[in-house]
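Each chain, letter by letter, is given below.
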Amino acid sequence: MNFFEQQERAKRNTSKLVVLLCLAVVSLVAISSIAVAAILALLGQRDPNTPLTAGSWFTQMTALLDWPLVGAISVLVIGVVAAGSLFKHFQLRSGGKAVAESLNGRLIDPGTTNLEEQKILNVVEEMAIASGIPVPPVYVMEDESINAFAAGHTPQDAVIGVTRGCIRLLTRDELQGVVAHEFSHIFHGDMRLNTKLVATLHGILLIGLVGYILLRSSPFRRSNAKDNSALILLAVGLVLIVVGFAGTFFGNLIKSAVSRQREFLADASSVQFTRNPAGIANALKKIGSNQAGSAVQAANAAEYSHMFFSRAIDNAFATFMATHPPLEQRILRLQPDWDGSFLSAQPESAVEPKPAPDRASTTLGALHAATGATLAGGQLPANASQDAIAAIGQPSAKHVVYAQQTLAALDPELRQAAHDIYSARALIYGLLLDPAEPVRSSQLAALEKTAEPDAYQYVIKLANKLAALDPRSRLPLVALALPSLKQLSSTQYKRFKQCLGQLILADKQISLMEWALYRIVVHNIEPPPLRSHRTALGNSRSECQVLLSALVHAGQMDSAQSHTAFDAAASLLPFQDMKLLPRDAVTATALEPAVTHLSTMAPSDKRPLMQALARAVEYDGFVTITQAELLRAIADSLNCPLPPLLADPDLH
Amino acid sequence: MGVTAIIVLVILAILLIYVIGIYNRLITLRNRYKNSFAQIEVQLKRRYDLIPNLVETAKRYLAHERETLVAVVAARNAAAKDLQAAAADPGDAAAMGQLAGAEGALGSALGRLNVVMEAYPDLKASQNMQQLSEELTSTENKVAFARQAFNDAVMAYNTYKQSFPPVLVAGAFGHAADAALLEFADSEAIQAAPAVSF
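A quick note: this is a predicted structure, and the numbers were derived from the prediction, not measured.

About the criteria used
- Residues numbered from 1 in each chain as written.
- Chains lettered and ligands numbered in written order.
- Predicted model: local features only at pLDDT ≥ 70, side-chain atom pairs only at ≥ 80, totals over all residues.
- Helix = DSSP H or I, 4+ residues; strand = E, 2+ residues; numbered from the N terminus.
- Rg over C-alpha atoms; globule rule 2.2 N^0.38 Å.
- Pairing = 2+ DSSP bridges.
- Contact = placed C-beta atoms within 7 Å.
- Axes fitted to C-alpha atoms, helices over the stretch in contact; angles between N-to-C directions.
- Parallel < 35°, antiparallel > 145°, perpendicular 65-115°, else oblique.
- Left-handed = near helix turned anticlockwise from the far one by under 90°.
- Nonpolar A, V, L, I, M, F, W, Y, C, P; charged D, E, K, R; others polar.
- Expected span 1.5 Å × (residues − 1).
- Buried ≥ 20, exposed ≤ 12 C-beta atoms within 10 Å, placed from the backbone.
- Domains from an automatic or database assignment.
- Core = buried A, V, L, I, M, F, W, Y, C linked by C-beta atoms within 7 Å.

Our focus in this paragraph is the overall build of chain B. Along chain B, the regular secondary structure elements total seven helices and zero strands. When the helices and strands of chain B are placed in sequence order, the string is α-α-α-α-α-α-α. Compactness check: chain B gives a C-alpha radius of gyration of 24 Å against a globular reference of 16 Å for 198 residues, more than 25% above the reference. The principal-axis extents of the C-alpha atoms in chain B amount to approximately 90 × 25 × 20 Å.

Here's what the structure looks like:
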């Protein structure tokens with residue numbers, strides 16, 4: 001199943017679940033309203049002199065049931081649930097960061113000198129570059145257990161969290177398995193599902209909470225109630241508590257059942273990404289033998305229990321309330337011949353080994369040969385982009401090896417600059433510098449005026465290294481710098497963006513390359529805008545036309561070739577009258593609204609579009625760097641994690 | 001009475017949710033500025049680690065300027081201690097003031113050392129010294145940058161806390177005092193980084 005079908009299915013399942021939960025809420029409302037109304041009717045109207053019998057009780061109740069009252073109570077309960085869910089929804093809208101912070105996570109500084117922390121950062125960076133998403137910030141929870149989580153709505157605001165025990169006790173291969181598992185949650189749209197579930201459950205939980213508050217505030221305990229009002233308040237409170245907690249219980253049942261299935265899927269995907277079942281299986285075995293297991297101490301862990309790598313909460317109703325399948329079952333699915341023994345967890349040396357030579361050497365050799373032969377001119381062979389489209393959300397072991405290789409080949413000074421909040425800005429400025437005079441001088445002059453003086457100094461320092469940079473490493477470098485850039489304060493970011501604008505406009509025009517870089521940086525740092533509508537591919541003809549034209553013009557084709565390439569790509573889209581726009585009509589002012597418009601499409605619509613874009617890129621047998629960066633910027637805006645274009649990817 | 005009671009309850013519930021929202025926002029903002037202090041800490045620590053090297057290198061040339069060197073080391077140690085206290089509770093006015101004071105003292109001690117070194121061209125020309133001064137300058141710039149981010153986060157927290165309606169409940173939630181900015185007395189000077197400009 002490909003990425004788009006996965007996403008589509010995740011979305012369908014999410015809507016189905018939310019509908020189910022809403023039904024549950026409605027029935028809760030009905031039950032509680034009738035119960036409360038019945039109590040009120042009973043207490044308010046009953047003649048104290050007539051003795052109460054079961055039969056008369058029921059007739060009295062139905063006769064006296066005050067339907068406007070039932071309505072009012074329904075409104076109350078629905079209001080509480082809706083308000084609670086909305087509130088949680090908005091809290092979680094701020095992305096994975098909010099989840100990590102509420103779990104007492106501490107952000108790992110990208111420039112950390114702690115070897116353990118460097119190890120996990122390297123593993124996460126490799127996996128991010130292999131799968132083509134921006135490097136997510138990594139949070140660490142000071143906990144001796146072995147566990148991890150991924151949170152956030154989209155790859156842009158995703159974060160990875162790990163416990164201290166996880167990075168201390170696991171080897172590099174095991175960490176890679178765990179991180180790949182978490183990435184799979186990101187790609188399968190599990191995070192959206194998770195947040196919706198958490199939000200709805202929070203609403204139901206709130207019913208119980210309101211009931212509890214009513215109970216506490218009831219004057220019953222203080223005064224000898226003259227009328228029944230105290231008693232009524234007490235009764236309403238009790239009913240709300242029962243309903244709220246019963247609702248939470250069943251909601252949790254649903255949540256757990258869904259979560260268990262997602263965990264198996266993520267385990268399987270982890271093996272697919274790393275081609276190494278031993279990594280993740282050994283991590284699970286270490287959890288089995290670890291004293292603290294995978295239990296997480298943070299107070300909010302229960303709420304997010306289904307987001308973790310392994311069971312975070314010990315539960316009395318172990319089997320049907322468990323958010324994760326039993327360890328043994330998970331290990332057996334990964335290694336059917338497992339003998340049932342766990343691995344003892346010893347602190348691992350944090351020293352980074354060279355990328356595993358035994359597994360990687362053969363593919364590395366092939367990769368070298370292939371890339372060396374065809375990429376001499378900074379170009380990629382045909383079908384590279386089509387293959388990458390097929391690998392969206394499903395990076396293979398070869399992509400991981402490629403990422404390791406790219407990172408290892410990167411100039412250490414540039415890599416360090418990307419990790420430093422301070423010089424990451426200068427790195428992006430430097431990437432925008434035009435190699436040719438006089439534009440370069442005017443860019444530098446503008447920078448000297450607008451940027452902080454020290455940032456300018458850094459640009460000068462890095463300029464030579466950046467000029468010597470392999471153009472294929474530009475995107476990985478930007479991806480590395482993103483976690484640092486995300487930490488800029490609002491005033492610092494404002495200034496950064498201002499500088500970007502001046503650098504880009506120094507030559508009075510925006511090249512496609514400049515737009516792609518700007519788009520990737522800004523789209524990944526700024527919070528996503530609120531979206532109310534959904535776009536269908538069917539009524540996005542002009543937008544698709546702009547994107548296809550841009551990609552065709554980014555190549556090196558002559559006019560006739562360009563037209564055939566465009567027509568070949570356009571034939572994949574359900575439009576009749578697509579025309580290649582002239583080169584000067586494809587500007588940033590046309591591209592920007594086009595991608596914004598298309599980003600709200602359903603995943604099933606994104607697939608044909610991405611395929612058409614890939615066809616446009618590779619039609620002439622070469623993929624230029626501008627085309628690759630443009631394709632990546634568009635895929636990024638559409639939230640499709642596009643792996644790096646490889647000469648010889650290993651496809652499934 | 002039923003309907004009135006219900007309306008009151010609805011309003012109560014909405015109010016409750018709103019107040020919970022304020023509470024959570026306060027916590028988030030506080031965590032944010034505390035976390036951004038970590039950046040300052042990293043850079044200041046790096047600076048304090050560089051200073052002993054600087055003194056060690058200078059010692060060989062400045063046999064007759066012991067006092068100046070001792071003063072630098074003392075100021076450095078005092079600042080390192082205040083940093084530890086400040087990191088334990090970022091935003092606390094007393095701790096921030098102490099740290100700022102200690103940093104000021106360290107800055108002027110380094111300034112005096114700088115003046116002394118003017119008289120020793122050999123020292124100034126030594127490669128080790130040049131490299132150290134370059135690193136020191138760059139950490140000073142980084143401190144200024146991290147301090148700006150910290151102060152922005154503190155301002156965001158204070159502004160939210162003092163706005164209406166959060167101001168009504170902030171005190172009750174344990175957010176009575178404003179968080180303090182970290183302002184160095186010679187912050188302008190640090191941004192221009194004169195301490196070791198050779």
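We now examine the sheet that holds strand β1 (residues 106-107) of chain A. Residues and elements named next belong to chain A. With mixed pairing, the four strands of this open sheet are ordered in space as β1-β2-β4-β3. Because the sheet does not close on itself, it has two edges, and the strands there are β1 and β3 (148-151). Sheet analysis places strand β2 (residues 138-141) next to strand β4 (residues 159-163), joined by four bridges and oriented parallel. Paired with Met141 across the strands is Thr163, a residue of β4. The sheet strands contacting helix α5 (residues 115-131) are β2 and β4, and the helix crosses β2 at an angle near 140°.

Once that is clear, we can look at the packing of helix α18 (residues 439-450) of chain A against helix α21 (residues 490-504) of chain A. Residues and elements named next belong to chain A. At their nearest, the axes of α18 and α21 sit 9 Å apart, and the two run at 160° to each other. Between α18 and α21, the interaxial angle falls into the category roughly antiparallel. As for how α18 packs across α21, the hand of that crossing is right-handed. Side by side, α18 and α21 meet where Gln443, Ala446, Leu447 and Thr450 of the first sit next to Gln498, Cys499, Gln502 and Leu503 of the second. Considering only residue class, the contact of α18 with α21 consists of four nonpolar, four polar and no charged.

Here we take up helix α7 (residues 172-187) of chain A. Residues and elements named next belong to chain A. For α7, which comprises 16 residues, the first-to-last C-alpha distance of 22 Å matches the rise-based estimate of 22 Å (1.5 Å per residue) to within 8%. Burial analysis of α7 places 15 of its 16 residues in the buried class, the great majority of the element. The positive-phi residue at the C-terminal boundary of α7 is Gly189, with phi of around 70°.

All names here are of chain A. Across the interface, helix α17 (residues 421-432) lies against α21 with an axial gap of 10 Å and an inter-helix angle of 10°. Regarding the angle of α17 to α21, the classification is roughly parallel. The crossing of α17 and α21 is right-handed. Between α17 and α21, the residues in contact are Arg425, Tyr429 and Leu432 and Phe496, Cys499, Leu500, Leu503 and Ile504, respectively. Within the contact of α17 with α21, the residues separate by chemical class into seven nonpolar, no polar and one charged.

With that out of the way, let us pick up the domain arrangement of chain A. All names here are of chain A. Structurally, chain A comprises domain 1 (3-93 + 194-247) and domain 2 (98-185 + 262-334). Taken residue by residue, the interface counts five residues in domain 1 and six residues in domain 2. Of all the secondary structure elements, the ones that give two or more residues to the side of domain 1 that touches domain 2 are α3 (67-93) and α8 (190-217). The dominant element in the side of domain 1 that touches domain 2, judged by the number of residues it contributes, is α8, at three residues. Looking at side-chain class alone, the side of domain 1 that touches domain 2 contains two nonpolar, three polar and no charged residues.

Okay, the nonpolar core next. Residues and elements named next belong to chain A. Among the nonpolar cores identified, the biggest contains 219 residues, and Leu427, Leu548, Leu551, Leu613 and Ala616 are the most heavily contacted of them. Two domains each put at least three residues into this core: domain 1 (3-93 + 194-247) and domain 2 (98-185 + 262-334). Setting aside residues no more than four positions away along its own chain, Leu551 makes contact with Leu613, Ala616, Val617, Gln627, Leu630 and Leu631.

Here we take up the pairing of β4(A). Residues and elements named next belong to chain A. With respect to burial, β4 is a largely interior element, five of its five residues being buried. Burial of the side chains of β4 extends over both faces: Val159, Gly161 and Thr163 are buried on one face and Ile160 and Val162 on the other. Pairing of β3 with β4, which is carried by four bridges, proceeds in the antiparallel orientation. Bridge assignment links Phe149 to a residue of β4, and that residue is Gly161.

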